[in-house]
Amino acid sequence: MDDLSRLGIVADQETDKYAWFTTMRLADRHKLTLYDAAYLELAQRLGLPLATLDEDLRRAADLLCVPLLRLSSDEAAAG
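None of these values were measured; they are calculated from a predicted model.

Some points on the overall build of the protein chain
When you go through the protein chain residue by residue, the secondary structure sums to five helices and zero strands. Put simply, the protein chain runs from its N terminus to its C terminus through helices and strands in the order α-α-α-α-α. Counting over 79 residues, the protein chain shows a buried share of 24%. In the protein chain, the proportion of contacts linking residues at least 24 apart, taken out of those at least 6 apart, comes to 24%. For the protein chain, the accessible area works out to roughly 6000 Å², and carbon and sulfur atoms hold 58% of it.

Pasting the structure below:
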């Protein structure tokens, strides 16, 4: 738990404002779970890269120009 406290994790105070419209629309449009769409909405709104191995979520992020973190499996597949 000490390691987690050093990460600087904070709760987003704006998510509830977007959950019932933007997140649901993203889920419907890209055939994502609400859980995945919530991560996509947050990354898009905050301009942060998204880290996921889920292909549907990666495809949606790509379509929305949300940057994806390059993961070692990405580099192995590209190389």
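Brief notes about the pattern of salt bridges
Tallied over the full model, the rule gives four salt bridges. Note that Arg45 and Asp12 form a salt bridge whose closest N and O atoms lie 2.8 Å from each other. Placement of Arg45 in helix H3 (residues 34–46) and of Asp12 in the loop between helix H1 (2–5) and helix H2 (15–30) is noted, with a sequence separation of 33 residues between them. Shared partners join several salt bridges into a network, and the residues in it are Asp12, Glu41 and Arg45.

Things to note about H3
Its 13 residues place the ends of H3 18 Å apart at the C-alpha level, agreeing with the 18 Å of an ideal helix rising 1.5 Å per residue. All buried positions along H3 are accounted for by Asp36, Ala37, Leu40, Glu41 and Ala43. One face of H3 carries all of its buried residues, which in axial projection span an arc of 170 degrees. The inward-facing, buried residues of H3 abut H2 and helix H4 (55–63). Looking one or two residues beyond H3, the residue adopting positive phi is Gly47, at roughly 65 degrees.

Side note on H2
With 16 residues, H2 should cover 22 Å at 1.5 Å per step; its first-to-last C-alpha distance of 19 Å lies more than 12% under that length. Of all the bends found along H2, the most pronounced is centred on Phe21 and spans about 45 degrees. Turning to H2, its buried residues number three or more, namely Thr22, Thr23, Leu26, Ala27 and His30. Of the residues one or two after H2, Lys31 is the one with positive phi, at around 55 degrees.

Quick word on the packing of aromatic side chains
What the rule picks out here adds up to one aromatic pair. Pairing Tyr35 with Tyr39 gives two aromatic rings, centres 5.3 Å apart and planes at 75 degrees, and the pair type is edge-to-face. Within this pair, Tyr35 and its partner Tyr39 are both found in helix H3, separated by four residues, close to a single helical turn. Taking relative accessible area as the criterion, Tyr39 reaches 43% and is therefore assigned partly exposed.

Rules of the game
- Sequence positions are assigned chain by chain, starting from 1 and proceeding in written order.
- Confidence filtering applies because this is a predicted model: local features only for residues at pLDDT of at least 70, side-chain atom pairs given and counted only at 80 or more, and all residues used for totals across whole chains, interfaces and linings.
- Only hydrogens and water are set aside when side-chain values are computed; all heavy atoms of the structure are taken into account.
- For the purposes of this entry, the term helix denotes a DSSP run of H or I that reaches at least four residues, the term strand denotes a run of E that reaches at least two, and both are numbered from the N terminus.
- Burial here depends on accessible area, computed with a 1.4 Å probe over protein chains only, as a share of the maximum for the residue type. Under 20% is buried, over 50% is exposed, and the range in between is partly exposed.
- Contact between two residues is taken to exist if any of their heavy atoms lie within 4.5 Å; hydrogens are not considered.
- With residues, only the protein chains shown are counted as cover, and all accessible areas are computed by Shrake-Rupley using a 1.4 Å probe.
- Throughout this description, the term salt bridge denotes a Lys or Arg side-chain nitrogen within 4 Å of a carboxyl oxygen of Asp or Glu.
- Each helix should span, by expectation, one fewer than its residue count multiplied by 1.5 Å.
- Of all possible arcs, the one meant is that of the directions from the helix axis to the C-beta atoms.
- Two axes define the bend at a residue: one fitted to the seven residues ending there, one fitted to the seven starting there, and the bend is the angle between them.
- Aromatic pairing here means that ring centres of Phe, Tyr or Trp (its six-membered ring) are within 6.5 Å. Orientation follows from the plane angle: under 30 degrees is stacked, over 60 is edge-to-face, and everything else is tilted.

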